[in-house]
Amino acid sequence: MNPNVIIEFTLDGKKARFETSPEKRLLDVLREDAGIKGVKEGCGEGECGACSVLRNGRLVNSCSIPVIAVHGDDILTIEGFSRTESYRIISDSYAEAGAVQCGFCTPGFIMATAALLNENPTPDEGEIRKALSGNLCRCTGYTMIIEAVKSAAARMAGSE
Amino acid sequence: MHKISTSTLRPDSKTKSSGRAEYISDIELPDMLHMVILSAGIQHGKILKKTIPPLPVGYHIIGSGDFSGINKATIVAQDWPFFAEDEVVYYGQPVLAVVGSDKIECGNICSKIIIDYEELPAVSTIDEAVEFFNDYTIVKGKPDECFKSAGRILENTYRTGMQEQAYMEPQGMIAEFSGGRLTVRGSMQCPYYIKNSLNNAFDIGGDNIRVIQTETGGAFGGKEDYPSILAGQTAAAAIVTGKPVKLVMDRRSDMLITPKRHPSLIRIRTAVDQSGRISAMDIDCRLDAGAYESLSGVVLERAIFICTGAHNIENIRVRGRSMKTNHVPSGAFRGFGGPQALFAAEMNMYYAALELGVKPVDLKRRYQYRQGDRSVTGGTFRDDIKLDQMFDIIERASDYSRKYKEYERPSSPGERRRGIGISYAAHGGAFTGSGEQEIIKSLVRLKAEPAENEDFKHFIRILVSNVEMGQGASTTLRKIVAETMGLPLEAVIYTVPDTDVVPDSGPTVASRTIMIVGKLLQDAAEELKKNIDSGSPVLTAEKRYVHPEEFEWDEETFKGDAYPAYSWSINVVEVEVDPITFEVSITGSWGVYDVGTAIDLRILKGQMQGGTAQSLAYSTIERMEMSGGRPAQASFTDYTIPTTLDFPDTECFFIDNPYRYGPFGAKAAGELPNEGPAGAVAAAVSQAVGRIITEIPVTPEMLEAASR
Ligand code: FES
Ligand code: FES
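### Let's talk about the overall build of chain A
And step 1. Scanning chain A for helices and strands turns up six helices and five strands.
And step 2. Its helices and strands in sequence order give chain A the pattern β-β-α-β-β-β-α-α-α-α-α, from N to C terminus.
And step 3. Computed over its C-alpha atoms, the radius of gyration of chain A comes to 16 Å, within 12% of the 15 Å expected for a compact globule of 160 residues.
And step 4. For chain A, the C-alpha atoms occupy an extent of roughly 50 × 35 × 25 Å along the three principal directions.
And step 5. Counting across all 160 residues of chain A, residues that qualify as buried make up 59%.
And step 6. Look at the contacts in chain A between residues 6 or more apart in sequence, and 53% of them connect residues 24 or more apart.
And step 7. Of the charged side chains in chain A, 17 are positive and 22 negative; the average position of the first set lies 2 Å away from that of the second.

In structure tokens:
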């Protein structure tokens, strides 16, 4: 095993410093070292999006990124995002649309929705489907999730 | 529409969205150890020798010798060992486990263990299999005479593939043993199945076993059987080490070594009499059970009991066998034998229609079950069957008949070929036959607790062993109690199942939670309301299931009412097939459902849309092949479940048809959307390519090969 290294990055708006194994993935450091359990592991291979976080504002799978690669970056997880007004709008929309069943995929979908609406506040259905295509949900068949994103977009437009 | 059907907000949405919901992988206990399983790397062989490297302090090997009771899980049958003894019979079978504080170190030790085998011949497929676990035959009417006097006999064979449940949360369990008590918690559908299985595996006394469900990230049947194996393995390690032991599977091992939907091979002979009527069917249904029986017998029952689908055939002989092969035992998956049987039944009607020169939909409508008809097992369809009304709805929504006619016109070369298919499905609710009464004996309890509140005087606590796994039971069961007692939803509390706290109301399977458990809760709620209103000091109410007397069932002969009530659906699916790549795109999907009364329309719609996506994928993109006994597709990279880009929205319609023994008239719902869509897809593709599809998943490679 390699000796531990020191990694620093901004985590949910605060400076964070971890002395940890360089072999860890960002997902491991978030879950094990930082205790952020809302970031889920569904596949560990970059296929399901359950581990989605925003890295410098862009949606990434934290299971596919070695933690040493995020030194100096800005990482936003569901834990930090869930304290924002945008989160309230998005999660209300998910609840009202019925988009949450087992919930294991949901934090990842919420982050993907946040990333999309940041970049494109008025997406059409095709753009929504494309933006969420890296996240898997086995429960819903996606219809209600897409409705939720549409309604979140409309509400955000209305609240501005 | 009953007012209970009005959609409510699910209270669990918020904790799940924010990431605060705790799944098993999120739970850490002090001093907890990790467990890594050593799986067999061969398909079939004798274990000659196990060479184990010296272990660091604090690391242990766990195996078949660590069970003070029996080294076998109880999953209906009692034949699947927690760890192999002298023989491995499937690739991936657990042989040993390493337990210790560091998971990576456990894995390193595992990779240094050497198992010497003497390899034995293996049986990989249903076609090769000779041995079987179960062999059932049912005869209805006089099929032999009909075949003798038939004007024509049609014959065809239908195949369905393996399907992975692909719940997003991988399986996991934590066991603890302290003070002589064993506590197991994890992702599961059936807390009391696990408790019972542990009670047989360890001589520690049932009272000393506690099973707690944790937030369950999807299950679809996949967490009905295998959690009993994981519970036994982690419990053995906890008992040996005296420390909490955790095992959370990674996606690859979950895909490699947990049960999947049974592949099937179904041959149907159809007798047509001199006047052109279908007089009889002779059906041979084989399911690929894998290496242990486990619950295959019950899956097989469901398959043969519904072997003609939603169609009334007067004379039937059906033989069903669960074939023994060397791969991971097949298990429960939403529909439980139904989807295989329904696919074969629907495509056989399609085939018969083409042979008889009528439109498939006309033939299906001619033979659809009507009230008073007899089922395959000779039971009576007692309730109104509204398939005609349902057809009108889906015809209007999908424009089926006009499109069917349009797509019959030959397409010009190079043009995308279009097709539209319709399928009928029936699903019997709850356990088969007398299972609810004889085996499950469901018991529910309600408890009134004082509330300091202006709006209501008591909180009503629901105590049942049926879990929330995404399907919404923690909301719908509360709605039933709240509505019955005239209370707001906030006054009713759902208790997360813990066998120390909740009675055994049975497993969360077979679409029985609302229909059976919900009804018992409604009855209990009525009694509790009476007690409270009359000022009685008795603030609890219990109800145990009693089978309505009108239903009869003989478990020996499989004669009588296999299910108390049936739910019905009609699906229409529209496709386009690329003439060069043979890629199938689904361009439209509609479903109309009779599930009695809807307890919550939005939750129900979520069930139907999610289930339909699973079934559309079952028939198209989800392919799992066994190669040398191991799944060739063992990750989401190779085994592709639907994304947002694969399928259109499914338009859903519900008709009201209250069932007299269901809560507010509700009957089975959850499995229904996995029954019909595959048959509609295959019919649509058949029309598009002008050749009948008899095997799913239908892939571009298959279509291309067939076109040559
Ligand atoms: S866990 Fe990272 S993409 Fe699935
Ligand atoms: S809600 Fe279960 S996987 Fe999406």
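### Let's talk about the nonpolar core
And step 1. Core analysis: the biggest nonpolar cluster contains 186 residues, and Tyr-94 of chain A together with Leu-198, Trp-568 and Val-685 of chain B have the highest contact counts within it.
And step 2. Ranked by residues supplied to this core, first place goes to helix H8 (residues 338-356) of chain B with ten residues.
And step 3. With residues near it in sequence (within four places) discarded, Leu-198 of chain B still touches Leu-182, Val-184, Ile-209, Val-211, Ala-231, Gly-232 and Ala-235 of chain B.

### Topic: helix H6 (residues 143-159) of chain A
And step 1. Taking 1.5 Å per residue as the helical rise, H6 of chain A with its 17 residues ought to reach 24 Å, and the 24 Å between its terminal C-alpha atoms agrees with that figure.
And step 2. Listing the buried residues of H6 of chain A in full gives Thr-143, Met-144, Ile-145, Ile-146, Ala-148, Val-149, Ala-152, Ala-153 and Met-156 of chain A.
And step 3. Taken together, the buried residues of H6 of chain A touch helix H3 (85-97), helix H4 (106-119) and helix H5 (125-131) of chain A together with helix H15 (601-618) and strand E29 (650-655) of chain B.

### Points about the interface of chain A and chain B
And step 1. With 42 residues of chain A in contact, the opposing surface of chain B contributes 52 residues.
And step 2. For the pairing of chain A and chain B, the buried interface totals around 3800 Å² over both sides, and the portion due to carbon and sulfur atoms is 55%.
And step 3. When the buried surface of chain A facing chain B is broken down by residue, Gln-101, Phe-104 and Arg-138 of chain A rank first, second and third, together holding 21% of it.
And step 4. Where chain A packs against chain B, one counts seven salt bridges.

### What about the packing of aromatic side chains?
All names here are of chain B.
And step 1. The full count for this structure, using the stated rule, is 27 aromatic pairs over all chains.
And step 2. With a centroid separation of 5.0 Å and an interplanar angle of 85°, the aromatic rings of Tyr-136 and Phe-558 are classed as edge-to-face. On the criterion of sequence distance, the pair formed by Tyr-136 in strand E9 (residues 132-140) and Phe-558 in the loop between strand E23 (553-554) and strand E24 (559-560) is long-range, its members being 422 residues apart.
And step 3. On the accessibility criterion, Tyr-136 (19% relative accessible area) is buried.
And step 4. Put simply, the rings of Tyr-136, Phe-305, Tyr-369, Phe-381, Trp-553, Phe-558, Tyr-563, Tyr-566 and Trp-568 pair up and form one aromatic cluster.

### A closer look at the pairing of strand E25 (residues 566-577) of chain B
All names here are of chain B.
And step 1. The element E25 is largely enclosed, with a buried count of twelve among its twelve residues.
And step 2. Where strand E18 (residues 417-428) lies against E25, twelve bridges are found, and the strand directions are antiparallel. Bridge assignment links Gly-419 to a residue of E25, and that residue is Val-575.
And step 3. With ten bridges connecting them, E25 and strand E26 (residues 584-594) associate as antiparallel partners. Of the residues in E26, the one forming a bridge with Ser-569 is Tyr-593.
And step 4. Connecting the antiparallel pair E25 and E26 is a turn made up of six residues, with Phe-582 showing a positive phi of about 60°.

### Details of the side chain of Thr-140 of chain A
And step 1. Here Thr-140 of chain A lies in the loop between H5 and H6.
And step 2. Polar contacts involving the side chain of Thr-140 of chain A include one to the main-chain amide nitrogen of Tyr-142 of chain A, which spans 2.9 Å.
And step 3. Those residues in contact with Thr-140 of chain A, other than ones at most four positions away along the chain, are Ala-99, Gln-101 and Ile-145 of chain A together with Gly-606, Gln-609 and Gly-610 of chain B.

### Quick look at the packing of H15 of chain B against helix H16 (residues 677-689) of chain B
All names here are of chain B.
And step 1. One way to put it is that H15 packs onto H16 with a least axis distance of 8 Å and a crossing angle of 45°. By the criterion of interaxial angle, the relationship of H15 to H16 is oblique. Once H15 is placed against H16, the crossing between them reads as right-handed. In this structure, H15 uses Thr-612, Ser-615, Leu-616 and Tyr-618 to contact H16, whose residues at the interface are Pro-677, Ala-678 and Val-681.
And step 2. When the residues that make up the contact of H15 with H16 are grouped by side-chain class, the tally is five nonpolar, two polar and no charged.

### A closer look at the sheet that holds strand E2 (residues 45-51) of chain B
Strand pairing in a sheet relies on backbone hydrogen bonds, with the paired strands running either antiparallel or parallel.
Residues and elements named next belong to chain B.
And step 1. Read across the open sheet, the three strands follow the order E6-E2-E8; overall the sheet is antiparallel. Looking at the sheet topology across the chains shown, the edges are occupied by strand E6 (87-88) and strand E8 (114-119).
And step 2. One ladder, built from two bridges, connects E2 with E6; its direction is antiparallel. Bridge pairing in E6 places Gly-45 opposite Val-88.

### Observations regarding the domain arrangement of chain B
Residue and element names in this part refer to chain B.
And step 1. By the assigned domains, chain B splits into domain 1 (24-122 + 165-257), domain 2 (264-432 + 560-707) and domain 3 (437-544).
And step 2. Domain 1 and domain 3 are separated by 33 Å when their C-alpha centres are compared.
And step 3. For the pairing of domain 1 and domain 3, the buried interface totals around 1400 Å² over both sides, and the portion due to carbon and sulfur atoms is 52%.
And step 4. Considering only the side of domain 1, the residues that lose the most area to domain 3 are Gln-189, Tyr-192 and Gln-213, jointly responsible for 44% of the buried surface there.
And step 5. Our count for the contact surface shared by domain 1 and domain 3 stands at three salt bridges.
And step 6. Note that Asp-498 is salt-bridged to Arg-210, the shortest N-O span being 2.5 Å.
And step 7. Summed over the shared surface of domain 1 and domain 3, the number is ten residue pairs in polar contact (both at pLDDT 80 or more).
And step 8. For the side of domain 1 that touches domain 3, the secondary-structure elements that each account for two or more residues are helix H4 (191-201) and strand E13 (209-213).
And step 9. Looking at the side of domain 1 that touches domain 3 element by element, the count peaks at five residues for E13.
And step 10. Split into classes, the residues belonging to the side of domain 1 that touches domain 3 amount to nine nonpolar, four polar and four charged.

### Digging into unusual backbone geometry
Both trends apply: most residues other than glycine have a negative phi, and most peptide bonds are in trans.
Residues and elements named next belong to chain B.
And step 1. Here the residue pair Ile-696 and Pro-697 is connected by a cis peptide bond, since its omega of 0° sits within 30 degrees of zero.
And step 2. Counting through the fold element by element, Pro-697 comes out in the loop between strand E30 (695-696) and helix H17 (700-707).
And step 3. A positive phi angle is found at Asp-399, which is not glycine, with a value near 60°.
And step 4. When you line up the elements, Asp-399 lands in the loop between helix H10 (387-398) and helix H11 (400-408).

### Description of the packing of helix H13 (residues 473-485) of chain B against helix H14 (residues 513-533) of chain B
All names here are of chain B.
And step 1. At a minimum axis distance of 8 Å, the contact between H13 and H14 shows a crossing angle of 35°. Helix-helix and strand crossings are classified by hand; for H13 and H14 the assignment is right-handed. Along its contact with H13, which presents Ala-473, Thr-476, Leu-477, Ile-480, Val-481, Thr-484 and Met-485, the element H14 presents Thr-513, Ile-514, Gly-518, Leu-521, Gln-522, Ala-525, Glu-526, Leu-528, Lys-529 and Ile-532.
And step 2. Grouping the constituent residues of the contact of H13 with H14 by class yields ten nonpolar, five polar and two charged.

### Structural notes on the domain arrangement of chain A
Residue and element names in this part refer to chain A.
And step 1. Partitioning chain A into structural domains gives domain 1 (5-80) and domain 2 (84-157).
And step 2. The C-alpha-based centres of domain 1 and domain 2 are spaced at 21 Å.
And step 3. Every contact between the two is made by 15 residues of domain 1 and, on the other side, twelve residues of domain 2.
And step 4. Surface buried jointly by domain 1 and domain 2 totals about 1100 Å² across both partners, of which 68% is contributed by carbon and sulfur atoms.
And step 5. Across the domain 1-domain 2 interface, the total number found is zero salt bridges.

Calculation criteria
- Residues numbered from 1 in each chain as written.
- Chains lettered and ligands numbered in written order.
- Predicted model: local features only at pLDDT ≥ 70, side-chain atom pairs only at ≥ 80, totals over all residues.
- Heavy atoms only, no water.
- Helix = DSSP H or I, 4+ residues; strand = E, 2+ residues; numbered from the N terminus.
- Rg over C-alpha atoms; globule rule 2.2 N^0.38 Å.
- Buried < 20%, exposed > 50% of the residue type's maximum accessible area, 1.4 Å probe, protein only.
- Contact = heavy atoms within 4.5 Å.
- Lys, Arg positive; Asp, Glu negative; His and termini not counted.
- Charge placed at Lys NZ, Arg CZ, Asp CG, Glu CD.
- Core = buried A, V, L, I, M, F, W, Y, C linked by side-chain atoms within 4.5 Å.
- Expected span 1.5 Å × (residues − 1).
- Buried area = accessible area lost by both parts, 1.4 Å probe.
- Salt bridge = Lys/Arg side-chain N within 4 Å of Asp/Glu carboxyl O.
- Phe/Tyr/Trp six-rings, centres within 6.5 Å; stacked < 30°, edge-to-face > 60°.
- Pairing = 2+ DSSP bridges.
- Polar contact = N/O pair within 3.5 Å; in protein donor to acceptor, adjacent residues only side chain to side chain.
- Axes fitted to C-alpha atoms, helices over the stretch in contact; angles between N-to-C directions.
- Parallel < 35°, antiparallel > 145°, perpendicular 65-115°, else oblique.
- Left-handed = near helix turned anticlockwise from the far one by under 90°.
- Nonpolar A, V, L, I, M, F, W, Y, C, P; charged D, E, K, R; others polar.
- Domains from an automatic or database assignment.

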